[in-house]
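# Structure assessment
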Amino acid sequence: MRASDRAYATLLDEIQAGLLPPGAVIAEAEQAARLGVSRTPLREAIGRLAADGLVVQQSPRVTVVSDVDAGDIRELFEVRRALEESAARLAAERAEPAVFAALAAEFATASVAADALDAYYALIARFDTALDAAVRNDYLTSALRTVRTHLVRVRRLARDNPERLAASVAEHRLIAAAIAARDADLAAHATHVHLHNALTSILTSLDATVRNQGAA
């Protein structure tokens, strides 16, 4: 792996995990030393993160992790809804039904207990991979990958909401089952409902966080 790719992957993971929170300064000298790369590959990595919208140039010499506010989340979900509803519809028309029947069965038994969350998100990642393969449209899957890059940060807001996570399991199971049944209308509608519920929950969590910070 190239030094710039390694630096990009590490910084991306840390931004998505919240280890580098919004507003964190990405100092070239400090990060280059920490990651064991020279400044040139680090600048390449930062350039890729800027293209992803994950960091912004605050001044000529200061780069910071971008903020995530309610407006950003709404805009992200507007794009996500258009892409994922289309992907679900295409998958229902083009996918191998057995692949999504198996995924539906896994969602039916998935746990969202605290010690099982990583396994649950791994299942969602496998669902996304199967969806990408099923639609057979490189332009659509490329756009979805960009959205998912930001979604990882946003999704952390729902990790502490057991009721929402349990509902998400059922929603994913329905989407997978609809694709397996080749029911394009149901697959798209179930995706629409899932995204509506997810957005509502995330905005509620964000609002609560802002209010608590204000009270503190």
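Residues numbered from 1 in each chain as written. Predicted model: local features only at pLDDT ≥ 70, side-chain atom pairs only at ≥ 80, totals over all residues. Heavy atoms only, no water.

What follows is about the domain arrangement of the protein. Structurally, the protein comprises domain 1 (3-65) and domain 2 (70-214). Taking only C-alpha atoms, the centre of domain 1 and the centre of domain 2 are 28 Å apart. Counting residues at the interface gives 10 residues for domain 1 and 6 residues for domain 2. Carbon and sulfur atoms make up 55% of the area that domain 1 and domain 2 hide from each other, which totals about 650 Å². (Domains from an automatic or database assignment. Contact = heavy atoms within 4.5 Å. Buried area = accessible area lost by both parts, 1.4 Å probe.)

Let us now look at the environment of Ala 24. Inspection of the secondary structure puts Ala 24 in the loop between α1 (3-17) and α2 (28-35). Using a relative accessible area of 15% as the deciding quantity, one classes Ala 24 as buried. (Helix = DSSP H or I, 4+ residues; strand = E, 2+ residues; numbered from the N terminus. Buried < 20%, exposed > 50% of the residue type's maximum accessible area, 1.4 Å probe, protein only.)

Examined against the element boundaries, Asp 132 turns out to sit in helix α6 (residues 117-135). In contact with Asp 132, other than residues within four places in its own chain, are Thr 141, Leu 144 and Arg 148.

Once that is clear, we can look at the environment of Leu 90. Inspection of the secondary structure assignment puts Leu 90 in helix α4 (residues 70-94). By relative accessible area, Leu 90 is classed as buried at 19%. On a C-alpha basis, the gap between Leu 90 and Val 152 in space is 24 Å, while along the polypeptide they are 62 residues apart.

Attention now goes to the UniProt feature "domain: HTH gntR-type" (unreviewed entry) in the protein. When the UniProt feature table is mapped to this numbering, "domain: HTH gntR-type" (unreviewed entry) covers residues 1-68. Overall, residues 1-68 shows 54% helix and 13% strand. The separation of its end C-alpha atoms is 30 Å. (UniProt positions renumbered as here; feature names shortened; annotations may be inferred.)

At a closest axis distance of 8 Å, the pairing of α4 and α6 adopts a crossing angle of 65 degrees. Classified by the angle their axes make, α4 and α6 are roughly perpendicular. The handedness of the crossing between α4 and α6 is left-handed. Taking contact as the criterion, the partners of Ala 87, Ala 88, Leu 90, Ala 91 and Arg 94 in α4 are, on α6, Leu 131, Ala 134 and Val 135. The class makeup of the residues in the contact of α4 with α6 is 7 nonpolar, no polar and 1 charged. (Axes fitted to C-alpha atoms, helices over the stretch in contact; angles between N-to-C directions. Parallel < 35°, antiparallel > 145°, perpendicular 65-115°, else oblique. Left-handed = near helix turned anticlockwise from the far one by under 90°. Nonpolar A, V, L, I, M, F, W, Y, C, P; charged D, E, K, R; others polar.)

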